[in-house]
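Okay, here's what each chain looks like letter by letter:
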Number of protein chains: 2
Amino acid sequence: MSGVIERYRSFFDINAQFPIVTLNEGNTPLIQAPAIASKTNVPGLQVFLKFEGLNPTGSFKDRGMTYAVSQAKAQGATHIICASTGNTSASAAAYGARAQLKTLIILPEGKVALGKLSQAILYGADIVEITGNFDQALDVVRILGKAQGVAIVNSINPFRIEGQKTGAFEVCDQLGGKAPDYHFIPVGNAGNITAYWLGYKAYHAAGRIQSLPKMFGYEAEGSAAIVKGHKIENPETLATAIRIGNPASWQGAEAARDESGGKIDCVTDDEIVAAYQFLASKEGIFCEPASAASVAGLFKACSQNLVAQNSVVTCVLTGNGLKDPDNAIRFGKSEKITLPPDPQQIATHLGLTL
Amino acid sequence: MSGVIERYRSFFDINAQFPIVTLNEGNTPLIQAPAIASKTNVPGLQVFLKFEGLNPTGSFKDRGMTYAVSQAKAQGATHIICASTGNTSASAAAYGARAQLKTLIILPEGKVALGKLSQAILYGADIVEITGNFDQALDVVRILGKAQGVAIVNSINPFRIEGQKTGAFEVCDQLGGKAPDYHFIPVGNAGNITAYWLGYKAYHAAGRIQSLPKMFGYEAEGSAAIVKGHKIENPETLATAIRIGNPASWQGAEAARDESGGKIDCVTDDEIVAAYQFLASKEGIFCEPASAASVAGLFKACSQNLVAQNSVVTCVLTGNGLKDPDNAIRFGKSEKITLPPDPQQIATHLGLTL
């Protein structure tokens, strides 16, 4: 199985000589979620989780990065650059290494999750932390992106969204050539909801699917710029991957909502954590906290009677839980107990009868 | 795409009513590795990496766990139990949650990598740390496994190896219905090399492939029981996932070697780290240190002229690098530097001309 560009080649504007930089991204599982479906209390609901954490660098970013880095390579770039504290930097560093391009990462000071940064470090990116915030880091990137041979791979690069469309194609293929009735997705920078909607529309236009889903996007309450209708100066949520106060693809998200008859809403950190715990302990799926916003959104929408009986729902889980072990330990329900290696005592503790 | 049992159903001894507990494991990418091939200096060599870190819980263990937990469910178990400090416990806890069984994990004291344990914690397993070593933990498991309703899912459970055979099936399918000429794989408890060899033989017997690979297994030098021909009392290697001094499937590994005309050898921690760095910085693939033993082994075997020109080689990468961020940071080649948000100063540092 090749990567997403090769598999969906007719949906990309490339010729036969186009140099594809791939890590065989995509082809992630669509996992049925009976416990979630049951918890919604909506009769006949079928819920499927698109587990994007199983991409090569652990997030959906790889779908867009394969195309952005391939284009950089095609255009003769020697360097790629991005501002990021997380999944984007990991993906850029991996595809940069694969393409034999130098990857430059500009980080805002003190906002670096060490776990995610570990990826960029081992992939061998050049990392500069600036004494400033994310917006300043992005300003630096815009200026350095004008240097000879440097390509910007932040989401201001339109090839990123082009590549991410393939997530929608895969969902439809995995559902047997059908779109879901509802598509739930976390919203941070809003590029992914924009990309999925473009993907569904492209597949529909090509005759691969006969209907379109309603798009339901969920921001975190503390960074819900689109829901509140204005930029959030100091966005706050434990779901760091969607902690964005001024989404770059704001208009794309609103278009997806309006054209599909969907909704952009927000969920609280408590709702996100509850969904994160439910996913792991009832479905066996370990995602990033931000990923669980889609499932938290589904629970909220069902409680508001916004989801029809007997529907097919997909929820995108954007990143791998292993990116953020600290939150797993913080919100895990198990406790570790230390005992001597005495089977009887351990059996008693565990409620087993020997 | 369903999980490995459904996809390879005819290779499992089950009936139509068998309850399959799955997270859509398997179907992991086989990624071509041109930089590794080039570095071997073997003319015409084609190298493919089977990236098992993209299984649902981040390691190859999921292939066996789906079958072991399904069998436990079929037999009416209420609990599953295992001794582990890492990938096995994460996989057991996930499939246990999925199956609505209680998962019990017995850990040796002080050998717990917090990152890996984060998975078991969020999946909701009951975790008991004992004041003793791994062997004592396994002894406890053997005794508690006799309690009513408890199924042991350590690798002493033969269903684990049955499930892991599917890795070989997928490699052959991904190579277009052919076996590789050489199969390189890390060896710790030796269950995986045993399983791959059984898988290749089963596919060959079924007429799905026309040849068999030579099996090359690599232990870490500090825990190379099979190579040295005796148990290692205090195994040591930074590749913790293969730090095992008395492999449970010792005989299976030797059979794979002897029947295939292959080799069991060992690599040093330095060789493992070098391969781990090379994989990330030249191929863009972030695996666990233990996983890199297969690639370190390939480099060693090629330097010994054990690999023929124009061959097809597969190397299994057993686990996701995100399981072990500490080693990525420790062995990463990048350094983070802090600068003011001054584009000119940053450009100069990065060697760019504005």
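Source: prediction; values computed, not measured.

## Observations concerning the packing of aromatic side chains
Residue and element names in this part refer to chain A.
No. 1: Scanning all chains against the criterion turns up 28 aromatic pairs over all chains.
No. 2: Aromatic pair Tyr-67 and Phe-159: ring centres 5.3 Å apart, planes at 80 degrees, arrangement edge-to-face. Taken as a pair, Tyr-67 in helix 3 (residues 61-74) and Phe-159 in helix 7 (residues 158-164) lie far apart in primary sequence, 92 residues in all.
No. 3: Taking relative accessible area as the criterion, Tyr-67 reaches 3% and is therefore assigned buried.

## Examining the relation of the copies chain A and chain B
No. 1: It takes a turn of 180 degrees to lay chain A on chain B, together with a shift of 0.0 Å along the axis; the resulting RMSD is 0.0 Å. Here the copies are linked by what is in effect a two-fold axis. Relative to the rotation axis, the C-alpha of Leu-54 of chain A is the closest in chain A, positioned 2.6 Å from it.
No. 2: A symmetric contact is evident, with 100% of the interface residues of chain A recurring at the interface of chain B.

## Some details on the pairing of strand 10 (residues 312-317) of chain A
Residues and elements named next belong to chain A.
No. 1: Among the 6 residues that make up strand 10, 6 are buried, leaving the element largely enclosed by the rest of the structure.
No. 2: The two faces of strand 10 match: Val-312, Thr-314 and Val-316 on one face and Val-313, Cys-315 and Leu-317 on the other face are all buried.
No. 3: Here 6 bridges tie strand 2 (residues 46-51) to strand 10, and the two strands are oriented parallel to one another. Among the inter-strand pairings, Phe-48 is bridged to a residue of strand 10, identified as Thr-314.
No. 4: Pairing analysis gives 3 bridges linking strand 7 (residues 182-186) to strand 10, with the strands arranged parallel. If you follow His-183 over to strand 10, its bridge partner there is Thr-314.

## A look at the layout of surface pockets
No. 1: Here the second largest pocket is characterised by a volume of approximately 380 Å³.
No. 2: Counting only elements with at least two residues in the lining of the second largest pocket, the list comes to helix 12 (269-283) and helix 13 (293-303) of chain A together with helix 4 (87-98), strand 4 (102-108) and helix 5 (114-123) of chain B.
No. 3: Broken down by element, the residue count for the lining of the second largest pocket peaks at 7 residues, all from helix 12 of chain A.
No. 4: Here the lining of the second largest pocket is composed, by residue class, of 11 nonpolar, 6 polar and 6 charged.

## As for the sheet that holds strand 4 of chain B
Sheets are built from strands that pair by backbone hydrogen bonding, the pairs being arranged parallel or antiparallel.
No. 1: Read across the sheet, 5 strands follow the order 11(A)-5(B)-4(B)-3(B)-6(B) without closing on themselves; strand pairing throughout is parallel. The open sheet terminates on both sides in strands that have one partner only, identified here as strand 11 (336-339) of chain A together with strand 6 (150-152) of chain B. Sheet twist, expressed as the mean angle between neighbouring strand axes with direction ignored, is 25 degrees.
No. 2: By the bridge criterion, 3 bridges tie strand 3 (residues 79-83) of chain B to strand 6 of chain B in an arrangement that is parallel. The residue bridging Ile-81 of chain B from the neighbouring strand is Ile-152 of chain B, located in strand 6 of chain B.
No. 3: The strands touched by helix 4 of chain B within the sheet are strand 3 and strand 4 of chain B, with strand 4 of chain B carrying the most contacts at an inclination of about 165 degrees.

## Thoughts on the sheet that holds strand 7 (residues 182-186) of chain B
All names here are of chain B.
No. 1: Pairing is mixed in the open sheet, where 6 strands are placed in the order 1-2-10-7-8-9. Since the sheet does not close on itself, it has two edges, and those belong to strand 1 (30-32) and strand 9 (263-267), each with one partner. In this sheet, neighbouring strand axes are inclined to one another by 25 degrees on average, regardless of whether the strands run parallel or antiparallel.
No. 2: Relative to strand 9, strand 8 (residues 214-220) runs parallel, the two sharing 5 bridges. From the neighbouring strand, Ala-220 faces strand 9, where its bridge partner is Val-267.
No. 3: The sheet strands contacting helix 8 (residues 166-174) are strand 1, strand 2 (46-51) and strand 10 (312-317), and the helix crosses strand 2 at an angle near 135 degrees.

## Some details on the pattern of salt bridges
Residue and element names in this part refer to chain A.
No. 1: Summed over the entire model, instances satisfying the criterion amount to 25 salt bridges over all chains.
No. 2: For Lys-300, the salt bridge identified is with Asp-265, shortest N-O distance 3.3 Å. Here Asp-265 lies in strand 9 (residues 263-267) and Lys-300 lies in helix 13, a separation of 35 residues in the sequence.
No. 3: Taken together, the salt bridges that share partners define one network made up of Arg-7, Lys-50, Glu-52, Arg-63 and Glu-170.

Conventions we followed
- Residues numbered from 1 in each chain as written.
- Chains lettered and ligands numbered in written order.
- Predicted model: local features only at pLDDT ≥ 70, side-chain atom pairs only at ≥ 80, totals over all residues.
- Heavy atoms only, no water.
- Phe/Tyr/Trp six-rings, centres within 6.5 Å; stacked < 30°, edge-to-face > 60°.
- Helix = DSSP H or I, 4+ residues; strand = E, 2+ residues; numbered from the N terminus.
- Buried < 20%, exposed > 50% of the residue type's maximum accessible area, 1.4 Å probe, protein only.
- Least-squares fit on C-alpha atoms with pLDDT ≥ 70 in both.
- Contact = heavy atoms within 4.5 Å.
- Pairing = 2+ DSSP bridges.
- 1 Å grid on protein atoms, 1.4 Å probe; cavity = no way out; pocket = protein on both sides within 12 Å on 5 of 7 lines; lining within 4 Å.
- Points joined across faces, edges and corners; volume = space filled by probe spheres on them.
- Nonpolar A, V, L, I, M, F, W, Y, C, P; charged D, E, K, R; others polar.
- Axes fitted to C-alpha atoms, helices over the stretch in contact; angles between N-to-C directions.
- Salt bridge = Lys/Arg side-chain N within 4 Å of Asp/Glu carboxyl O.

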